[in-house]
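Spelled out, the chains give:
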There are 2 protein chains.
Amino acid sequence: MAEKRQRVVIVGAGFGGLECAKKLEGGPTDVLLVDRHNYHVFSPLLYQVASSLLNPSDIAYPVRRVFAGSPNVRFRQADVQRIDFEARELHCAGEVVIGYDQLVIAAGSTTNFFGNRAIEHRALGLKSLSEALQLRNHILGCLEAASACEDRDEQQAWMTFVIVGGGPTGVEYAGALAELMKLVLEGEYPGIAVSPRIVVVEGRDQLLGAFSKKLGDYAERRLEKLGVEVVTGTVVASADDRTVTLKNGEVIEARTLVWSAGVKPASLAAIERVPHTERSRRIEVDPHFRLRGESRVFAIGDIAGKQDADGGELPMLSAPAMQAGRYVGEFIMAHLSDPETESPTTAPFRYLDKGTMATIGRNAAVCSLGGLEMTGLLGWLAWLLVHIYYLIGYRNRLVVLWSWAWNYIWYDRPVRIITRAKRARLPHSPELVSSED
Amino acid sequence: MAEKRQRVVIVGAGFGGLECAKKLEGGPTDVLLVDRHNYHVFSPLLYQVASSLLNPSDIAYPVRRVFAGSPNVRFRQADVQRIDFEARELHCAGEVVIGYDQLVIAAGSTTNFFGNRAIEHRALGLKSLSEALQLRNHILGCLEAASACEDRDEQQAWMTFVIVGGGPTGVEYAGALAELMKLVLEGEYPGIAVSPRIVVVEGRDQLLGAFSKKLGDYAERRLEKLGVEVVTGTVVASADDRTVTLKNGEVIEARTLVWSAGVKPASLAAIERVPHTERSRRIEVDPHFRLRGESRVFAIGDIAGKQDADGGELPMLSAPAMQAGRYVGEFIMAHLSDPETESPTTAPFRYLDKGTMATIGRNAAVCSLGGLEMTGLLGWLAWLLVHIYYLIGYRNRLVVLWSWAWNYIWYDRPVRIITRAKRARLPHSPELVSSED
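Residues numbered from 1 in each chain as written. Chains lettered and ligands numbered in written order. Predicted model: local features only at pLDDT ≥ 70, side-chain atom pairs only at ≥ 80, totals over all residues. Heavy atoms only, no water.

### Some points on the nonpolar core
Soluble globular proteins tend to pack their nonpolar side chains together in the buried interior.
Now for step 1: Ranked by internal contacts, the top residues of the largest apolar core, which has 76 residues, are Leu45, Ile59, Tyr173, Leu177, Leu223 and Trp404 of chain B.
Now for step 2: Beyond its immediate chain neighbours, meaning those up to four positions away, Leu45 of chain B contacts Leu54, Ile59, Trp383, His387, Leu391 and Trp404 of chain B.
Now for step 3: Ranked by size, the runner-up nonpolar core spans 75 residues in total, among them Ala146, Val184, Leu223 and Met374 of chain A. (Core = buried A, V, L, I, M, F, W, Y, C linked by side-chain atoms within 4.5 Å. Buried < 20%, exposed > 50% of the residue type's maximum accessible area, 1.4 Å probe, protein only. Contact = heavy atoms within 4.5 Å.)

Encoded structure:
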């Protein structure tokens, strides 16, 4: 007698969830991948959408297409709001209920404003596609507003951009924004008499805290060469529509506050009963990514507070999420007959750190690969190769490569249009489309 | 003593306004081009954005870039709401006032619902970029909703798409939608058990009323070959969120109503004092596109009810708008010293009809060029060449060509992501960005 196929539900089609589903594809389980959006987004390049270089579809890929014709992987667009571990059910917006036999929580992370409501109300994030488009529209709108402005101080305020957070996202966006400004201000905005002011604010003593001091200093020098001001050792204390106030007392007249100073696990991690790590509020998991006391439930990626070999937590990056996704996919396959085993035969997960990188601008990036550090053109080429390699889908890779080449040769930013889809008309998949207000 | 340079203000960066500004570029006037958006949109291809083939930026081009480095053409993003002919001033949203010496009104047209409020509330338009993105999101949302649906009738309603209007836009979108459905339903939506139903409703006896009966019949046959139902000789009487009712009594359960049944001049044409044509409500102009009694003010393109040689009006198409834009540019240059002349030396405008065309799908289009009519592959190739030629900008042309080639070879629709920029945060260029709700 054939056993009933187990249903594995994966929440989140980010790097972790997607890899997990791929690992389970073709196997003896039924896999349902659930996401609020109908696409997977290559989030490391969101900053290029926000700086008018790439189109949304260059870095976003329909999940259904990844699994087109798949024998056992299905997709469902739904917004998971609550998990009932007893009944083994997901409760989603619109009263949709999805049952599971085994569950992988890979819901990712959102922007962390550390409880500062004023900043949350004011700042522009860079964690989702709709935020990247919002930021693109905002920046282009600032240029139009500055151009229409007769008061010089007012104009300078429109042309002042404060970026909070000197991690990879902040550094990459600052560099891309400086290049965008340089490009468009040459000839397209004769009405703008002031120079753009881009300020990166970082709480630590150096940029790119995850890298060595040497690489952080290099990034700072390169940004300054692009005209970016770097302020380290202080944080933003408050902000309103017209000013940003730093903890060191400095008040900056700026209409733009970009927030890349931290992320926190997605709100699904806050469900009751699930133990959290103390500091990061990520879901506590065992060496196999299983939730404590819920051996049929796994958590991977940014939402999971998995202990690293050296006692720290896995970084909130795509690489550990992808490795965890593959690990959990294999783990599930290996223990199908006894999903609640207390002594798994699979060896505990080990994170293989292949290194990290960040690009600052034209011909300038920093890479830290094992003991090897690279900067400048070499680092930039390494960055380029790795990102092209990891972009999902053959066409996307070519299109992005084409856009990069075009930008490199012609210093162009083609996607400079201020646009926004009109609001959805029908209450059909309502919370999905119209939530992005 | 040098005379003061005259200021020519052009309202609208569509086909007419853009050509007029180009004609005036480098001349002895100061030109200010005003538009609500910061881009020119190649509107004949909006339906390809709405059917997930092209990205917005493939058919939208920043106006400022067209005139980058121009000696005398400037751009301003503003929403003109009223014209004060006495004071020679434009009054825009946000209390912005723009003065002119000569004015060219090229504000285009909007969707015409013929006063039917229920339909206006319900239908999706295809006249602007934000509408095209709304329609794209809606169609992809319908697929998700259908896929999540267990009731077969309900599923069929999500998969039924009524397109009102059998002109080029309706025919082209119906064909593109049929091809999109065929593509994605093969493998990506195993949960959808019903066939998509696409219905084109046209009030006249044939599709493509501007073409010959032969070409209209050809279009009908080709659409039917793609599985599209064509209903002629009736119109939509009413619609709600769940049904569309035709005047012939038929009630169609459909969640989608696309409206391409007519356009009307933009609301600027409704300003007091400006004489209108009786039927079309377009601004009356003399043989030189000057408003009656306002010799410093011109109206061109869809908003102008210019008499044709045979007593009719110029069609609301890009070609006559472009020709009128160039004509008015030349006219202004020729009469700079005497802008209010009653006996211009310039010969009256004559429209050169180079023909019209519409594509139905793969290898199928209709072209009517003078006496010559083409269909099938030949017509399709002609359509292709003309559209590539007219797309503004070298890069856009290549990107679009690439997308078409990709689609042609791989039957792919890459831009299948449901996304929408988050709402603008700041009240800065507010009416411009956030108006697209």
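Don't stop here, the text continues.
### Observations concerning a negative patch on the surface
Now for step 1: A surface patch of negative charge is lined by Asp151, Asp153, Asp240, Asp241 and Glu253 of chain A.
Now for step 2: Among the structural elements, Asp241 of chain A can be located in the loop between strand E14 (236-239) and strand E15 (243-246). (Patch = residues over 30% accessible without salt bridge, like charges linked within 9 Å, V, L, I, M, F, W, Y side chains within 5 Å. Areas by Shrake-Rupley, 256 points an atom, 1.4 Å probe, with all protein chains shown as cover. Salt bridge = Lys/Arg side-chain N within 4 Å of Asp/Glu carboxyl O. Lys, Arg positive; Asp, Glu negative; His and termini not counted. Charge placed at Lys NZ, Arg CZ, Asp CG, Glu CD. Helix = DSSP H or I, 4+ residues; strand = E, 2+ residues; numbered from the N terminus.)

### Looking at the interface of chain A and chain B
Frequently, the measure chosen for interface size is the accessible area that the parts lose on association.
Now for step 1: The partner chain B presents 69 residues to the 69 residues of chain A that form the contact.
Now for step 2: In total, chain A and chain B occlude about 6,600 Å² of area from one another, counting both sides; carbon and sulfur atoms represent 54% of this.
Now for step 3: For the pair chain A and chain B, the interface holds 4 salt bridges.
Now for step 4: Put simply, Arg64 of chain B and Glu144 of chain A hold a salt bridge, and the shortest N to O gap is 2.8 Å.
Now for step 5: On inspection of chain A and its partner chain B, the count reaches 18 residue pairs in polar contact (both at pLDDT 80 or more).
Now for step 6: The greatest single-element share of the side of chain A that touches chain B, amounting to 13 residues, is contributed by helix H6 (residues 129-147) of chain A. (Buried area = accessible area lost by both parts, 1.4 Å probe. Polar contact = N/O pair within 3.5 Å; in protein donor to acceptor, adjacent residues only side chain to side chain.)

### A short note on the sheet that holds strand E2 (residues 30-35) of chain A
Now for step 1: The strand order E5-E2-E1-E9-E20-E19 (chain A) describes an open sheet built from 6 strands, whose pairing is mixed. The open sheet is flanked by strand E5 (73-77) and strand E19 (290-291) of chain A, the only strands paired with a single partner. (Pairing = 2+ DSSP bridges.)

### Concerning the packing of aromatic side chains
Now for step 1: Tallied over the full model, the rule gives 20 aromatic pairs over all chains.
Now for step 2: Ring geometry for Phe15 of chain B against Phe42 of chain B: centres 5.7 Å apart, planes inclined by 75°, an arrangement best described as edge-to-face. Here Phe15 of chain B, found in helix H1 (residues 15-24), pairs with Phe42 of chain B, found in the loop between strand E3 (39-41) and helix H2 (46-50); they are 27 residues apart in sequence, far enough to count as distant.
Now for step 3: The exposure class of Phe15 of chain B is buried, given its relative accessible area of 13%.
Now for step 4: Taken together, the ring pairs connect Phe289, Phe298, Tyr327, Phe331 and Phe349 of chain A into an aromatic cluster.
Now for step 5: Note that Arg362 of chain A overlies the ring of Tyr408 of chain A, its terminal NZ or CZ placed 4.4 Å from the centroid.
Now for step 6: Across the ring face of Trp158 of chain B, the terminal group of Arg255 of chain B is positioned such that the distance to the ring centre comes to 5.1 Å. (Phe/Tyr/Trp six-rings, centres within 6.5 Å; stacked < 30°, edge-to-face > 60°. Lys NZ or Arg CZ within 6 Å of the ring centre and 35° of its normal.)

### Structural notes on the side chain of Gln77 of chain A
Now for step 1: Among the secondary structure elements, Gln77 of chain A is positioned in strand E5.
Now for step 2: A polar contact is formed between the side chain of Gln77 of chain A and the backbone oxygen of Arg36 of chain A, at a distance of 2.9 Å.

### Considerations on the packing of helix H6 (residues 129-147) of chain B against helix H8 (residues 168-185) of chain B
Residues and elements named next belong to chain B.
Now for step 1: At a closest axis distance of 12 Å, the pairing of H6 and H8 adopts a crossing angle of 40°. Classified by chirality, the crossing of H8 by H6 is right-handed. Along its contact with H6, which presents Leu135, Ile139 and Leu143, the element H8 presents Tyr173, Leu177, Leu180, Met181, Val184 and Leu185.
Now for step 2: Considering only residue class, the contact of H6 with H8 consists of 9 nonpolar, no polar and no charged. (Axes fitted to C-alpha atoms, helices over the stretch in contact; angles between N-to-C directions. Left-handed = near helix turned anticlockwise from the far one by under 90°. Nonpolar A, V, L, I, M, F, W, Y, C, P; charged D, E, K, R; others polar.)

### Details of empty space enclosed by the protein
Think of a ball as big as a water molecule: rolled over the atoms, this probe shows where empty space is left.
Now for step 1: One pass over the full model with this rule turns up 11 cavities of 30 Å³ or more.
Now for step 2: As for the largest cavity, its lining consists of 20 residues, of which Pro56 and Leu133 of chain A together with Pro56, Leu133 and Thr419 of chain B are closest to the centre.
Now for step 3: For the lining of the largest cavity, the residue count by class is 10 nonpolar, 6 polar and 4 charged. (1 Å grid on protein atoms, 1.4 Å probe; cavity = no way out; pocket = protein on both sides within 12 Å on 5 of 7 lines; lining within 4 Å. Points joined across faces, edges and corners; volume = space filled by probe spheres on them.)

### A few points about the sheet that holds strand E12 (residues 197-202) of chain A
All names here are of chain A.
Now for step 1: Sheet architecture is open: 4 strands sit in the order E13-E12-E11-E17, paired in parallel fashion. Of all the strands in the sheet, the pair left with one neighbour each is strand E13 (228-232) and strand E17 (256-259). For this sheet, the mean inter-axis angle between neighbouring strands, taken without regard to orientation, is 20°.
Now for step 2: Bridge analysis of E12 against E13 gives 5 bridges, and the strand direction is parallel. Paired with Val199 across the bridge in E13 is Glu229.
Now for step 3: H6 rests against strand E11 (160-164) and E17 of the sheet, and its axis sits at about 155° to E17.

### A short note on the relation of the copies chain A and chain B
Now for step 1: Rotating chain A by 180° about the axis while translating it 0.0 Å along that axis superimposes it on chain B, leaving an RMSD of 0.0 Å. The relationship between the two copies is best expressed as a two-fold rotation axis. Considering only C-alpha atoms, the part of chain A nearest the rotation axis is Arg420 of chain A, at 3.0 Å.
Now for step 2: When the interface residues of chain A are mapped onto chain B, 100% of them are again interface residues, pointing to one common binding face. (Least-squares fit on C-alpha atoms with pLDDT ≥ 70 in both.)

### Here's the deal with the pattern of salt bridges
Residue and element names in this part refer to chain A.
Now for step 1: Scanning the model with the defined rule gives 39 salt bridges over all chains in all.
Now for step 2: Glu19 is paired through a salt bridge with Arg326; the nearest N and O atoms lie 2.9 Å apart. Of the two residues, Glu19 is situated in helix H1 (residues 15-24) and Arg326 in helix H10 (residues 318-334); the sequence distance between them amounts to 307 residues.
Now for step 3: A residue is classified by how much of its surface remains accessible, and Glu19, at 12% relative accessible area, is buried.
Now for step 4: Judged by its relative accessible area of 28%, Arg326 is partly exposed.
Now for step 5: In this structure, a network of salt bridges that share partners links the residues Glu19, Lys22 and Arg326.

### Regarding helix H9 (residues 213-225) of chain B
Residue and element names in this part refer to chain B.
Now for step 1: Over its 13 residues, H9 runs 18 Å from end to end, which matches the ideal 18 Å to within 8%, given 1.5 Å per residue.
Now for step 2: Looking only at H9, the buried set comprises Leu215, Gly216, Tyr218, Ala219, Glu220 and Leu223.
Now for step 3: A positive phi of about 90° marks Gly227, the residue just after H9. (Expected span 1.5 Å × (residues − 1).)

### A look at H6 of chain B
An α-helical turn contains 3.6 residues, so any two residues separated by three or four positions project in the same direction.
Now for step 1: For H6 of chain B, built from 19 residues, the straight-helix expectation of 27 Å at 1.5 Å per residue is met to within 8% by its first-to-last C-alpha distance of 27 Å.
Now for step 2: Of all 19 residues making up H6 of chain B, 19 are buried, and the element is well covered by its neighbours.

### Topic: the pairing of strand E1 (residues 7-11) of chain A
The two faces of a sheet get side chains in turn, since along a regular strand they alternate between them.
Residue and element names in this part refer to chain A.
Now for step 1: Extensive coverage of E1 is indicated by the burial of 4 of its 5 residues.
Now for step 2: Looking at chain direction, E1 and E2 are connected through 5 bridges and run parallel. Following the sheet pairing, Ile10 is matched in E2 by Leu33.
Now for step 3: Where the polypeptide runs from E1 across H1 and back to E2, its parallel neighbour, the crossover connection is right-handed.
Now for step 4: As paired strands, E1 and strand E9 (residues 102-105) are joined by 4 bridges and run parallel to one another. Within E9, the residue paired with Val8 across the bridge is Gln102. (Right-handed = clockwise from strand over helix to strand, strands pointing away.)

### Things to note about unusual backbone geometry
Now for step 1: A positive phi angle is found at Leu208 of chain A, which is not glycine, with a value near 50°.
Now for step 2: Tracing the chain through its elements places Leu208 of chain A in the loop between E12 and helix H9 (213-225).
Now for step 3: Relative accessible area serves as the criterion here: at 0%, Leu208 of chain A is assigned to the buried category.
Now for step 4: Positive phi, close to 70°, is recorded for Phe289 of chain B, a residue that is not glycine.
Now for step 5: Mapped onto the elements of the fold, Phe289 of chain B is located in the loop between strand E18 (263-265) and strand E19 (290-291).

### Some details on the environment of Ala21 of chain A
All names here are of chain A.
Now for step 1: By secondary structure assignment, the location of Ala21 is in helix H1.
Now for step 2: The class of Ala21 is buried, set by a relative accessible area of 0%.
Now for step 3: Residues Ala21 and Val328, 307 residues apart in the sequence, show an inter-C-alpha distance of 9.6 Å.
Now for step 4: In contact with Ala21, not counting residues within four places along its chain, are Ile10, Val31, Leu33, Phe67 and Val73.

### Side note on the environment of Gly325 of chain B
Residues and elements named next belong to chain B.
Now for step 1: Relative to the assigned elements, Gly325 resides in helix H10 (residues 318-334).
Now for step 2: Counting along the chain gives 304 residues from Gly325 to Ala21, while the straight-line C-alpha distance between them is 7.8 Å.
Now for step 3: Those residues in contact with Gly325, other than ones at most four positions away along the chain, are Gly16, Glu19, Cys20 and Ile300.

### Re a nonpolar patch on the surface
Now for step 1: A cluster of nonpolar side chains, namely Val386, Tyr389 and Tyr390 of chain A, defines an oily patch on the protein surface of about 300 Å² accessible area.
Now for step 2: On the secondary structure map, Val386 of chain A appears in helix H11 (residues 376-390).

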